[in-house]
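# Chains, contacts and geometry: an overview
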Amino acid sequence: MNLNVIAFYDRWGGVLGEATIETFQMVFISLLISVLIGLPLGVLLVLSRPDKSMSNPYVYQSLNVVINVLRSIPFIILLFFLLPFTKFIVGTSIGVKGVIVPLVFYTAPYIARLMESALLEVNKGVLEAYEAMGIKTKDIIWHVMVREAKPSIILGLTIAIIGLIGATAMAGLVGAGGLGDVAYRFGHLRYEPEVMYVTIVLLIILIQGIQSIGNRLAAKAKKD
Amino acid sequence: MIQLKEISKTFYSKKNEEVTALKGVSLEVKQGEIFGVIGYSGAGKSTLVRCVNLLEKPTSGDVVVNGASLKNMSKNELRKSRQNIGMIFQGFNLLKTATVYENIAIPLKLTGISSKEIPTRVEKYLAIVGLEDKHHVYPGQLSGGQKQRVAIARALSHEPDVLLSDEATSALDPETTHSILDLLLKINREFGITILLITHEMHVIQKICDRVAVMENGEVIEQGNVIDLYSSPKKRTTKKFVNSLFPNDLPKEILEQLKKRGPIISMTFVGTSADKPALSQLSKKFDVDANILSGNIVQLKDKPFGKLVAHIQGETEETDKALHYLKEEGVQVDEVEINES
Ligand SMILES: Nc1ncnc2c1ncn2[C@@H]1O[C@H](COP(=O)(O)OP(=O)(O)OP(=O)(O)O)[C@@H](O)[C@H]1O
Ligand SMILES: [Mg+2]
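Residues numbered from 1 in each chain as written. Chains lettered and ligands numbered in written order. Predicted model: local features only at pLDDT ≥ 70, side-chain atom pairs only at ≥ 80, totals over all residues. Heavy atoms only, no water.

### Details of the overall build of chain A
Each helix and strand counted, chain A has nine helices and zero strands in total. The buried share of chain A, taken over its 224 residues, is 45%. Relative to all contacts within chain A whose residues are 6 or more apart in sequence, the contacts with residues 24 or more apart total 73%. Element-wise, carbon and sulfur atoms account for 68% of the exposed surface of chain A, whose accessible area totals about 11,900 Å². (Helix = DSSP H or I, 4+ residues; strand = E, 2+ residues; numbered from the N terminus. Buried < 20%, exposed > 50% of the residue type's maximum accessible area, 1.4 Å probe, protein only. Contact = heavy atoms within 4.5 Å. Areas by Shrake-Rupley, 256 points an atom, 1.4 Å probe, with all protein chains shown as cover.)

### What to know about the state of the cysteines
Residue and element names in this part refer to chain B. In this structure the tally under the stated criterion is zero disulfides over all chains. Unpaired in terms of disulfides, Cys51 finds its nearest cysteine sulfur in Cys209, a separation of 20 Å. Among the residues examined, Cys51 registers a relative accessible area of 0% and is labelled buried. Since its relative accessible area comes to 2%, Cys209 is described here as buried. (Disulfide = S-S within 2.5 Å.)

### Remarks on the domain arrangement of chain B
All names here are of chain B. Along its sequence, chain B is organised into domain 1 (2-242) and domain 2 (252-340). A C-alpha centroid distance of 39 Å is found between domain 1 and domain 2. Contacts between the two partners involve 15 residues from domain 1 and, on the opposite side, ten residues from domain 2. Each partner contributes to the roughly 930 Å² buried at the junction of domain 1 and domain 2, and carbon and sulfur atoms together form 61% of this total. Of all residues in domain 1, the largest losses of buried area upon contact with domain 2 belong to Gln206, Ile227 and Ser231, amounting jointly to 52% of the total for that side. Along the contact surface separating domain 1 from domain 2 lie one salt bridge. Residues Asp210 and Lys301 are paired through a salt bridge, measuring 2.7 Å at the closest nitrogen-oxygen approach. Where the side of domain 1 that touches domain 2 is concerned, the elements lending two or more residues are helix H6 (174-191), helix H7 (202-208) and helix H8 (226-231). Element by element, the count of residues in the side of domain 1 that touches domain 2 is highest for H8, at four residues. For the side of domain 1 that touches domain 2, the per-class residue count stands at eight nonpolar, four polar and three charged. (Domains from an automatic or database assignment. Buried area = accessible area lost by both parts, 1.4 Å probe. Salt bridge = Lys/Arg side-chain N within 4 Å of Asp/Glu carboxyl O. Nonpolar A, V, L, I, M, F, W, Y, C, P; charged D, E, K, R; others polar.)

### Quick look at the sheet that holds strand E6 (residues 85-89) of chain B
Residue and element names in this part refer to chain B. With mixed pairing, six strands are arranged side by side in an open sheet as E6-E7-E8-E3-E9-E10. Two strands close off the open sheet at either side, each with one partner strand: E6 and strand E10 (219-225). Across the sheet, the mean angle from the axis of one strand to that of its neighbour is 15°, orientation sign disregarded. For strand E3 (residues 34-39) and strand E9 (residues 211-216), the ladder comprises five bridges, and the chain directions are parallel. (Pairing = 2+ DSSP bridges. Axes fitted to C-alpha atoms, helices over the stretch in contact; angles between N-to-C directions.)

### Quick look at the interface of chain A and chain B
Accessible area lost upon the coming together of the parts serves often as the stated size of an interface. Taken together, the contact pairs 22 residues of chain A with 26 residues of chain B. The largest per-residue losses of area from chain A upon contact with chain B belong to Met133, Arg147 and Lys223 of chain A, which jointly make up 25% of the total buried on that side. Joining chain A to chain B, the criterion identifies three salt bridges. Here Glu131 of chain A ties to Arg82 of chain B by a salt bridge, and the two come within 3.8 Å at their closest N and O atoms. Inspection of the region where chain A meets chain B yields seven residue pairs in polar contact (both at pLDDT 80 or more). Here the side of chain A that touches chain B takes seven residues from helix H6 (residues 124-132) of chain A, the largest share from any one element. Here the side of chain A that touches chain B is built from residues that sort into eight nonpolar, four polar and ten charged. (Polar contact = N/O pair within 3.5 Å; in protein donor to acceptor, adjacent residues only side chain to side chain.)

### Things to note about the nonpolar core
The nonpolar side chains of a soluble globular protein tend to be buried with one another. Counting 53 residues, the largest nonpolar core has Ile88, Leu126, Ile152, Leu184, Ile208 and Tyr230 of chain B as the members making the most contacts within it. When residues of this core are assigned to domains, at least three map to each of domain 1 (2-242) and domain 2 (252-340) of chain B. (Core = buried A, V, L, I, M, F, W, Y, C linked by side-chain atoms within 4.5 Å.)

### Brief notes about H6 of chain A
Here H6 of chain A has its buried residues at Gly125, Val126, Leu127, Ala129, Tyr130 and Ala132 of chain A. The elements touched by buried residues of H6 of chain A are helix H7 (137-168) of chain A together with helix H2 (75-82), E6, helix H3 (100-110) and helix H5 (144-156) of chain B. For H6 of chain A, the side-chain oxygen to backbone nitrogen distance between the N-cap and Gly125 of chain A is 2.8 Å, and the N-cap itself is Asn123 of chain A. Backbone geometry just downstream of H6 of chain A places Gly134 of chain A in the positive-phi region, at approximately 75°.

### With respect to the site of ligand 1
All names here are of chain B. As a structural note, the neighbourhood of ligand 1 is formed by Phe11, Val19, Ala21, Tyr40, Ser41, Gly42, Ala43, Gly44, Lys45, Ser46, Thr47 and Glu167. A distance of 2.7 Å separates an oxygen atom of ligand 1 from a polar side-chain atom of Ser46. At 2.5 Å, a side-chain N or O of Thr47 approaches an oxygen atom of ligand 1. Protein contacts shield 59% of the accessible area of ligand 1, which totals 640 Å² for the unbound molecule. (Near = heavy atom within 4 Å.)

### Examining unusual backbone geometry
The backbone of Tyr191 of chain A sits at a positive phi, close to 50°, despite the residue not being glycine. Structurally, the position occupied by Tyr191 of chain A is in the loop between helix H8 (179-189) and helix H9 (193-222). Residue class for Tyr191 of chain A comes out exposed when judged on its relative accessible area of 63%. For Glu159 of chain B, which is not a glycine, the phi torsion comes out positive at approximately 50°. Among the structural elements, Glu159 of chain B can be located in the loop between H5 and strand E7 (162-166).

Here's what the structure looks like:
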């Protein structure tokens, strides 16, 4: 038994370790960029919404359409559809670098929606109280809206990360590696069931871990 | 201090239906007074106070606070003026994710108060509202009354000239309501802050207001000193509000029976005559029997105010003399009309 584990580790440890790092890289970089794009878009969606003081139907409707269109396209299609664009932006369409662009296109609109719904939950009375105190709109957005929405934002980001991990499984198709790719290539195509099982267990642990960390951080941010 | 001039406000709903919430309302709140606006739900009270700091933009009319017309101000000027107009709400509107201290400190910082001065201000105003031991507590752990105290401290910390209150006590139990009203009264007296408050409860008006306006259907139907309005309400709605304090629901049949044997009068006492036993003297001085049908005394801001409904039984000659005596004693006497009900 022990020997088996050691043998397995000798044979696959390197591959799995590398794949884990690749997954983390892909998730981390595309999450960062997606938040930088998605959070402002979420704020814009909330501000331009009808009935709001800064209501702007054109901005709101066009954002809505773009986000819905992007969110309707399956990731795998997005991956290939964006190939030329990816190459243009990052100089290559393969490897971890090549998969970041489609991952961002996939995740940023999703995060924008998650942020929108998190921000909409913020008590409008509080926003009004700050408006009544003569505080600038940009300060209200940051110090009231985003701050108060933090627990929901954290939960939303947790969901987004898990979705991202799912999407990275397909990144192998453009040679970006990652855990999903290992499970598919070695486990499925080359029929090494142990590798597939171990990868799946690793993914389960990863996702469980992320969800519980997210839940715990959100609860801590909630303060009531 | 606050002048509302012919304020109208029309809301347009999605289906293009119009709701006119305010129809040419004019009001003046004088420096240093506590002015109350009372009315039933939907009368337009919230819309009215929200027009004072332009949270709601009037469709027409002008708002003047502290001598400056707010309507034609630039965004920046309006922000500066708003910093001089505090506001408290029924729902407290505190940051849930911030401590009591931060709830006061954050807006101070955002309005440009120096970081050296912020702790001093927070301490000062938390002490005034009696929460100096709650710095690091989150609003979720406070009672409704304590939350409102934090909101009051937050408003005061900007050292405004005016405080607007939109049903600030409506979510609180009677005891807590009283303590919050006492606090508002103290703020008004010690800092000279002018207060405009709206409410649907008469006891809020009588406890702290100097003057009051009654609103109905987007209009101010009656306004004046609290005592005047209480002792001689003119409009039906005003009478209803006043009568809610003096329940008088004897059956019509009984009143009609009684009336055959002498007048039924309502006596209004203001100030000192409220505690003078004018009524008890009647039977001794004249050949009449006085029977109290209903009555109540309430404490206005600084005077007791009472209303008794009594039946004066006796010959017309004697009852006339008795009524005359009461009037001489400073009691306001009105005959009760039965069909008024
Ligand atoms: N934003 C809005 N859009 C459309 N109609 C509105 C809006 N705000 C208020 N109204 C309408 O204006 C009228 C007056 O409302 P307002 O909130 O001022 O009443 P209120 O006297 O404060 O009542 P309450 O005691 O229930 O708070 C109501 O008919 C209400 O439906
Ligand atoms: Mg209201």
